Every structure is written in structure tokens, then in C-alpha cells.
Amino acid sequence: MYKKMPTECCWCGNDTTDSEVFTIPVKFKKDTEHPEVKLNGYITNLEVGGKKVWAIVTGLNSEAKQAGNDLIFMFCSKDCAYEFKDTLEEDMKFYNELF
Ligand SMILES: [Zn+2]
């Protein structure tokens, strides 16, 4: 589906190849660049709380997009997901671009 999908936790960098992953879908009101790949989605890099993270930009035809989610973050554990969410909520600069 996504050619260059990383197999690591976007928060701590742990390898997630053979393990269960946790995802957080978010809305992102800023329009994305790359119109040529918008249909299929792509991987993007963002900065949350001063930390570089990667996220999936959902393709126009994907179920996630149809459910109203524009970005999906992937984690190796619930701990990482919660920590990320806390940081995201504190990171107002980034948060203001959501919803
Ligand atoms: Zn992790």
C-alpha cells in the first residue's frame, strides 16, 4: 500500500516489523503538498515537541480518509502513543494546525 512505509515506531524508533502496532489518527487542516501522490497517500515527516516523527498522510481513497482522518501516526506500544499524544497536546504550535 505505502511503498516507503517505515517499520519503526515514529516516537522511539523501535523496530515494529514483527510486533503489534498502535496508531493514532488525527485531522490536519493544513492542505498537503504532493498532489500527485495524494490519491494513494504517502509518508511525511513532521516535528512534534521538537522531535522528528513520521506519519502516514492518508490517500483520498483510503478508509481512514473517508473516516475524516488525514494523518496516521504509528507506535510500538501504548506508552509511546500516550507520550506522543501528551506531547502533541502541549505542542500548541503544531496543535493549532489540527482540527
Ligand atoms: Zn515506541
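About the thresholds
Residues numbered from 1 in each chain as written. Predicted model: local features only at pLDDT ≥ 70, side-chain atom pairs only at ≥ 80, totals over all residues. Helix = DSSP H or I, 4+ residues; strand = E, 2+ residues; numbered from the N terminus. Buried ≥ 20, exposed ≤ 12 C-beta atoms within 10 Å, placed from the backbone. Contact = placed C-beta atoms within 7 Å. Pairing = 2+ DSSP bridges. Axes fitted to C-alpha atoms, helices over the stretch in contact; angles between N-to-C directions. pLDDT = per-residue confidence, 0-100. Expected span 1.5 Å × (residues − 1). Arc of directions from axis to C-beta.

## Some remarks on the overall build of the chain
Helices and strands together make up the secondary structure of the chain, namely 3 helices and 4 strands. Starting at the N terminus and ending at the C terminus, the chain contains elements arranged as β-β-β-α-β-α-α. Per-residue burial for the chain yields a buried fraction of 20% across its 99 residues. Taking contacts inside the chain between residues at least 6 apart in sequence as the whole, the part at least 24 apart equals 58%.

## Remarks on the sheet that holds strand β4 (residues 71-75)
The 4 strands lie next to each other as β1-β4-β3-β2, forming an open sheet whose pairing is antiparallel. Of all strands in the sheet, those with a lone pairing partner are β1 (22-26) and β2 (42-48), marking the two edges. With direction set aside, neighbouring strand axes in the sheet form an average angle of 35°. Where β2 meets strand β3 (residues 51-57), 7 bridges bridge the pair, whose relative direction is antiparallel. Bridged to V48 within β3 is K51. Seen against the sheet, helix α2 (residues 78-90) touches β1, β2 and β4 and runs at an angle of roughly 25° to β1.

## Notes on the environment of N69
Here N69 is to be found in the loop between α1 (63-66) and β4. Once the C-alpha coordinates of N69 and K27 are considered, the two residues, 42 residues apart in sequence, prove to be 4.8 Å apart. Discounting chain neighbours no more than four positions away, the residues touching N69 are P25, V26, K27, T58 and A64.

## Observations concerning the pairing of β3
With antiparallel pairing between neighbouring strands as the criterion, β2 and β3 make up a hairpin whose turn holds 2 residues, including G49 at a positive phi of roughly 60°. Taken together, the 2 bridges between β3 and β4 define a ladder with antiparallel strand orientation. Bridge pairing in β4 places V57 opposite L71.

## As for the confidence of the model for the chain
Detail in the predicted coordinates should be disregarded across regions flagged by low pLDDT. With 79% of its residues at a pLDDT of 70 or more, the chain shows a mean pLDDT of 84. Across the chain, element-level confidence peaks in β4 with a mean pLDDT of 94 and bottoms out in helix α3 (residues 92-95) with 63.

## Observations regarding α2
If you check α2, its first and last C-alpha atoms are 18 Å apart, about what 13 residues at 1.5 Å a residue would give, namely 18 Å. Buried residues of α2: C80, A81 and F84, and no others. Along the long axis of α2, the arc covered by the buried residues comes to 95°, so they all point the same way. Facing away from the buried side of α2 by more than 90 degrees, the exposed set consists of K78, D79, D86, E89 and E90. Residues of α2 that are buried sit in contact with β1, β2 and β4.

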